[in-house]
Amino acid sequence: MTAEGIALSSARGRWIVAATVLGSALAMLDATVVNIALPAIGRDLGSGVTGLQWTLSGYTLTLASLILLGGSLGDRLGRRRVFVWGTVWFAAASVLCGLAPSIEVLIAARLLQGVGAALLTPGSLALISASIKAEDRGAAIGLWSGLGGVASAVGPLLGGWLVDAVGWRSVFLINIPLAVVVVWVAAKHVPESRDPHASGRLDVPGAVTVAAALGLLTYGLIESHTLALALGVVAAGVFVMIERRSHDPLVPPSLFASRVFLAANLVTFAVYAALGGVFFLLVLQLQFAVGYSPIAAGVATLPITALMLVLSARAGRIAGRIGPRIPMTVGPLLSALGLLLMLRIGPGSTYATDILPAVLVFGLGLSALVAPLTGAVLGAVSTDRAGIASGVNNAVARTSQLLAVAALPALAGIAGSDYSAPEAFSDGFHTAMLICAGLLVIGAAIAAALIRGTGEQASNCPPHCDVGSPPMTPRRRDQA
């Protein structure tokens, strides 16, 4: 590797992009295919909605808790090394998921899988930024994002087909050959890199405290345990105190001195909480209440991803000209309208008249929102802090999704539901969609009241802008 970096047109440059695309695809595919497989998992392992909540939340819990720590480890120990460690860990946990004999074992394996994802995810774009020469970096990131968009698009179809043709265990076991390829390519073709500016100790107390806070809050919400909720709130307060006093905090408090950064993260919390609830419950509703097969449910939600692939980059460019405030206000309101249309989805629904209009309007709203939101986050801080700002925003999004999946079923009256009363589940789904629509309206109101600026960086969102998290990966320094 030369001092100026590796050319994208070279064989090694293409191999670097391939490794990062395949690595990030592991996490992206897992997020989409597991959602589709949830009803089959519940039936096979005898689990109700609570077990399915933990199946999703266990993974998101460890990922949200440790993703910033994973970025810090990569900066200090070597990004390729931690990227490979995370891939191997993710693959091993995927084997445990695929062989799980009970819902309890599956949940434990999902917790471990989230740890692997927290090590793997931060290294993806960081490796491109550190290895590819500056003049090719934009094209490399565009290639990474475009191919990542393809992975997001095929996820529901792949997951539905695997569940129908092979069984739900295959959605985890398919990670193994992909991980083998990632490790081989990374070891052979990707150069090692570190952040020369990374210094000080790792914020282990902060990482432990935030993990405890999120774990207690998640347990309290899913299991309706008041003491756990109270302890979680206390632990969150302790985390804030630790970050304020730490010399090298995971979440620098000074970032929130920017009103735009604070407002954008408040919008992120409200909006991504709604998205977490929608994507958890919609696939259950389509299969459980409407009677769709897994592959039919995957196809039914495909217009959302297709719209984001086509429109997100354009929304970013528009926000770059007019500023993020208008799209960050209109986008959530349009998505909320889509959720109101989802109130028509239930037993006896038809796709053309009841489901398609709802997912189209919802997808249009997301397409208008996600790129400007990411641009507002990055535009609110100096260039040298873009990496950590993006990482904090990513963690906020993961955390809000985690808490939404934990809280919504109880709030909607479907916690502990089984598969014997689809009409009762459908009623709870409608209640949950109203709650999610309210969260989107809150996000729009925050954006309208607090977001300012011209949004110069609003086009930084990669075209696929997956709704599982903001698109830029978290890094400790200026690797954006």
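Above this text is the structure in question.
Presented here is an overview of the structure given in this document.

The rules behind each value
Residues numbered from 1 in each chain as written. Predicted model: local features only at pLDDT ≥ 70, side-chain atom pairs only at ≥ 80, totals over all residues. Heavy atoms only, no water. Helix = DSSP H or I, 4+ residues; strand = E, 2+ residues; numbered from the N terminus. Contact = heavy atoms within 4.5 Å. Areas by Shrake-Rupley, 256 points an atom, 1.4 Å probe, with all protein chains shown as cover. Expected span 1.5 Å × (residues − 1). Buried < 20%, exposed > 50% of the residue type's maximum accessible area, 1.4 Å probe, protein only. Phe/Tyr/Trp six-rings, centres within 6.5 Å; stacked < 30°, edge-to-face > 60°. Patch = residues over 30% accessible without salt bridge, like charges linked within 9 Å, V, L, I, M, F, W, Y side chains within 5 Å. Salt bridge = Lys/Arg side-chain N within 4 Å of Asp/Glu carboxyl O. Arc of directions from axis to C-beta. 1 Å grid on protein atoms, 1.4 Å probe; cavity = no way out; pocket = protein on both sides within 12 Å on 5 of 7 lines; lining within 4 Å. Points joined across faces, edges and corners; volume = space filled by probe spheres on them. Nonpolar A, V, L, I, M, F, W, Y, C, P; charged D, E, K, R; others polar. Axes fitted to C-alpha atoms, helices over the stretch in contact; angles between N-to-C directions. Parallel < 35°, antiparallel > 145°, perpendicular 65-115°, else oblique. Left-handed = near helix turned anticlockwise from the far one by under 90°.

### Details of the overall build of the chain
Inference 1: When helices and strands are counted, the chain shows 17 helices and zero strands.
Inference 2: Residue pairs at least 24 apart in sequence account for 85% of intrachain contacts in the chain once pairs closer than 6 positions are excluded.
Inference 3: Carbon and sulfur atoms make up 68% of the accessible area of the chain, which totals about 17200 Å².

### Some points on helix 3 (residues 79-99)
Inference 1: The end-to-end C-alpha distance of helix 3 is 30 Å, a good match for the 30 Å that 21 residues give at a rise of 1.5 Å each.
Inference 2: Listed as buried for helix 3 are Arg 79, Val 82, Phe 83, Val 84, Gly 86, Thr 87, Phe 90, Ala 91, Ala 93, Ser 94, Cys 97 and Gly 98.

### Observations concerning the packing of aromatic side chains
Inference 1: Evaluated as defined, the whole model comprises seven aromatic pairs.
Inference 2: Judged by centre distance (6.2 Å) and plane angle (90°), the rings of Trp 168 and Phe 172 are edge-to-face.

### Some details on a nonpolar patch on the surface
Inference 1: On the surface, Leu 157, Trp 161, Val 166, Ile 295 and Val 299 cluster together into a nonpolar patch covering about 430 Å² of accessible area.
Inference 2: For the nonpolar patch, the secondary structure elements donating two or more residues are helix 6 (134-165) and helix 12 (294-300).
Inference 3: Structurally, the position occupied by Val 299 is in helix 12.

### Considering helix 8 (residues 175-189)
Inference 1: Here helix 8 spans 21 Å end to end across 15 residues, near enough to the 21 Å set by a 1.5 Å rise per residue.
Inference 2: Within the sequence span of helix 8, burial applies to Asn 175, Leu 178, Ala 179, Val 182, Val 185, Ala 186 and His 189. Taken end-on, helix 8 shows its buried residues confined to a sector of 135°, consistent with a single buried face. In helix 8, the exposed positions angled more than 90 degrees off the buried face are occupied by Val 180, Ala 187 and Lys 188.

### Let's talk about unusual backbone geometry
Inference 1: Despite not being glycine, Ser 224 has its phi angle at roughly 55°, a positive value.
Inference 2: Topologically, Ser 224 is positioned in the loop between helix 9 (204-223) and helix 10 (226-245).
Inference 3: By relative accessible area, which is 56% here, Ser 224 ends up exposed.

### Quick word on the layout of surface pockets
Inference 1: Each pocket or cavity is described by its volume, and for the largest pocket that value is around 690 Å³.
Inference 2: For the largest pocket, the lining is made up of 26 residues, of which Val 210, Phe 239, Val 251, Val 396 and Thr 399 are closest to its centre.
Inference 3: For the lining of the largest pocket, the secondary-structure elements that each account for two or more residues are helix 2 (49-77), helix 9, helix 10, helix 11 (259-289) and helix 16 (386-412).
Inference 4: Broken down by class, the residue content of the lining of the largest pocket amounts to 21 nonpolar, three polar and two charged.

### Side note on the pattern of salt bridges
Pairs may arise between side chains of opposite charge once their charged atoms sit close together.
Inference 1: In this structure the tally under the stated criterion is four salt bridges.
Inference 2: Between Asp 248 and Arg 76 there is a salt bridge; the shortest N-O distance is 2.5 Å. Here Asp 248 is found in the loop between helix 10 and helix 11, whereas its partner Arg 76 is found in helix 2, with 172 residues between them in sequence. The two residues Asp 248 and Arg 76 agree in class, both being buried.
Inference 3: Arg 344 serves as the salt-bridge partner of Asp 354, at 3.3 Å between the closest nitrogen and oxygen. Within this pair, whereas Asp 354 is found in helix 15 (residues 351-379), its partner Arg 344 is found in the loop between helix 14 (325-341) and helix 15, the two being separated by 10 residues in sequence.
Inference 4: Residue class for Arg 344 comes out partly exposed when judged on its relative accessible area of 49%.

### Structural notes on the environment of Ala 264
Inference 1: Within the secondary structure, Ala 264 sits in helix 11.
Inference 2: On a C-alpha basis, the gap between Ala 264 and Ala 380 in space is 8.8 Å, while along the polypeptide they are 116 residues apart.
Inference 3: In contact with Ala 264, not counting residues within four places along its chain, are Leu 373, Ala 376, Val 377, Asn 393 and Ile 451.

### Describing the environment of Gly 46
Inference 1: Inspection of the secondary structure assignment puts Gly 46 in the loop between helix 1 (11-45) and helix 2.
Inference 2: When the C-alpha positions of Gly 46 and Ser 102 are compared, they lie 8.3 Å apart, and in sequence the two are 56 residues distant.

### A short note on the packing of helix 3 against helix 4 (residues 103-120)
Packed helices, taken two at a time, are described by their axes: the angle between them and the distance between them.
Inference 1: Put simply, helix 3 and helix 4 touch, their axes get as near as 7 Å, and they point 165° apart. Taken together, the axis directions place helix 3 and helix 4 in an arrangement best described as roughly antiparallel. Here helix 3 and helix 4 pass one another in a crossing that is left-handed. Here Val 82, Phe 83, Gly 86, Thr 87, Trp 89, Phe 90, Ala 93, Ser 94, Leu 96 and Cys 97 of helix 3 lie close against helix 4, whose contacting residues are Leu 106, Ala 109, Arg 110, Leu 112, Gln 113, Val 115, Gly 116, Ala 117, Leu 119 and Leu 120.
Inference 2: Residue composition of the contact of helix 3 with helix 4, grouped by class: 14 nonpolar, five polar and one charged.

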